[in-house]
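Observations on the three-dimensional arrangement
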Amino acid sequence: MRKVYVCFVVTGILLLCGACGNNGNAAAQISLSETVRDYATMSYGEFRERTGKEAELYHADRFIGEIPDSSLCIVYTGKYDEDLASYTLSDDDVPIRMEGALGALLEGIDGEMPVTELAAALSEGGAEAVFELSEGAGTAYYVGDRYADIQFDSDRDGAYDSRLLISLDDAAEEEVDADSAAWLEMTND
């Protein structure tokens, strides 16, 4: 009887440690990628100076630039110029978002994970992330026809400063992985 009791206790401890370890490790490992941290608040002038590239017209007032040595792009909003009768960018304009594969935006995305698990991981150390499942029309204004919309506290100061939109168009369930198309919007305050 004593052996059964010890086996039961050891098994319970191992299961408990395993559960805590998986949740804790997954959450602790998910963070903004170095590329995102480097470019997310970069003005258009700084982007041109660093990369030697110009952003191209994307749609309406949106301009997009490829980030070298990365699969990510940076998106700026232009202002209407009456004299040119078109939208233009100034050196002071800041990005409205970065876009690309989820795994390039966030470090620590390993395999498929439910949106609820990703939101929980993005809550670690900051304000609790909130999310909803939304629908749009996959254009320059929506990441997909079906997508997850997660607001979170990327700098862990207790205030929401980031919004992650992840396409669920190719997902069988509400699961995402490193290859999921995603947009990351960050406040520039």
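Residues numbered from 1 in each chain as written. Predicted model: local features only at pLDDT ≥ 70, side-chain atom pairs only at ≥ 80, totals over all residues. Heavy atoms only, no water.

**Looking at the overall build of the protein**
Short version of the rule: Comment: elements are numbered from the N terminus, with helices defined as DSSP H or I runs of at least four residues and strands as E runs of at least two. Only protein chains enter the calculation, and the probe is 1.4 Å; a residue is then buried if its accessible area is under 20% of its type maximum, exposed if over 50%, and partly exposed in between. Between two residues, a contact is recorded if the distance between any of their heavy atoms is within 4.5 Å. Each accessible area value is a Shrake-Rupley result obtained with a 1.4 Å probe; residue values ignore everything except the protein chains displayed when judging cover.
In terms of regular secondary structure, the protein is built from five helices and 14 strands. Looking at the protein as a whole, 37% of its 189 residues qualify as buried. Across the protein, the fraction of contacts at a sequence separation of at least 24, relative to all contacts at a separation of at least 6, is 55%. Of the roughly 10900 Å² of accessible surface on the protein, a fraction of 49% belongs to carbon and sulfur atoms.

**Concerning the environment of Leu164**
Its location among the elements puts Leu164 in strand E12 (residues 162–167). We classify Leu164 as buried; its relative accessible area is 0%. Among residues more than four places away in sequence, those in contact with Leu164 are Leu102, Leu105, Leu106, Leu118, Leu122, Ala148, Asp149, Ile150, Phe152, Ala182, Trp183 and Leu184.

**Thoughts on the packing of aromatic side chains**
Just so we agree on the cut-off: Any two of the Phe, Tyr and Trp rings considered here, Trp counted by its six-membered ring, make a pair once their centres fall within 6.5 Å; the pair's planes then place it as stacked at under 30 degrees, edge-to-face at over 60, or tilted in between.
Applying the stated criterion across every chain yields a total of six aromatic pairs. Between Tyr44 and Tyr76, the ring centres sit 5.4 Å apart and the planes meet at 70°, which makes this aromatic pair edge-to-face. Taken together, the positions of Tyr44 in helix H3 (residues 44–51) and Tyr76 in strand E4 (residues 73–77) put the pair 32 residues apart, joining distant regions of the chain. In this pair, the class of Tyr44 matches that of Tyr76, namely buried.

**Concerning H3**
Working note: α-helix, 3.6 residues per turn, so residues spaced by three or four point in the same direction. To be explicit about the condition: Directions from the helix axis toward the C-beta atoms define the arc.
For H3, the complete set of buried residues consists of Tyr44, Gly45, Phe47 and Thr51. Looking straight down H3, one finds its buried side chains confined to an arc of 160°; they lie on one side. Buried residues along H3 sit against helix H2 (34–39), strand E3 (62–66) and E4. Remark: Gly52 follows H3 within two positions and exhibits a positive phi of approximately 75°.

**Points about the pairing of E3**
Convention followed: Pairing between two strands requires that DSSP report at least two bridges joining them.
Counting buried positions along E3 gives four out of five residues, so the element sits mostly inside the fold. Sheet topology places strand E2 (residues 56–59) next to E3; three bridges connect them, and they run antiparallel. If you follow Leu57 over to E3, its bridge partner there is Phe63. In this structure, the hairpin formed by E2 and E3 is closed by a connection of two residues, where Ala60 is found at a positive phi of approximately 50°. In the sheet, E3 pairs with E4 via five bridges, with the strands oriented antiparallel. Residue Phe63 lies in a different strand from E4, and its bridge partner there is Tyr76. In sequence, E3 turns back onto E4 through a hairpin of six residues, with Asp69 there showing a positive phi of about 55°.

**Digging into helix H5 (residues 115–123)**
Within the span of H5, buried status applies to Val115, Leu118, Ala119, Ala121, Leu122 and Ser123. A positive backbone phi angle near 80° is found at Gly125, which sits one or two residues after H5.

**Notes on the side chain of Asp93**
Short version of the rule: Any N or O atom pair separated by 3.5 Å or less is treated as a polar contact, with the protein-specific requirement of one donor-capable and one acceptor-capable atom, and with residues adjacent in sequence counted only for side-chain atom pairs.
With respect to the secondary-structure elements, Asp93 resides in the loop between strand E6 (86–88) and strand E7 (95–101). Residue classification places Asp93 among the buried positions, given a relative accessible area of 6%. Of note is the side chain of Asp93, whose polar atom sits 2.8 Å from the backbone nitrogen of Ser90. Every residue in contact with Asp93, bar those within four places of it in the chain, is listed here: Met42, Ser43, Tyr44, Tyr76, Thr77, Lys79 and Thr88.

**Focus: the sheet that holds strand E10 (residues 130–135)**
Definition in use: Angles here are taken between N-to-C directions and fall from 0 to 180 degrees, while the axes themselves are lines fitted to C-alpha atoms, restricted in helices to the stretch in contact.
Read from one edge of the open sheet, eight strands run E2-E3-E4-E7-E14-E12-E11-E10, paired in antiparallel fashion. Because the sheet does not close on itself, it has two edges, and the strands there are E2 and E10. For this sheet the average axis-to-axis angle between neighbouring strands, irrespective of direction, equals 25°. Examined bridge by bridge, strand E11 (residues 146–152) and E12 share six bridges and lie antiparallel to one another. When the sheet's bridge partners are listed, Tyr147 is paired in E12 with Ser167. Contacts from H5 reach E10, E11 and E12 within the one sheet, and its direction differs from that of E11 by about 15°.

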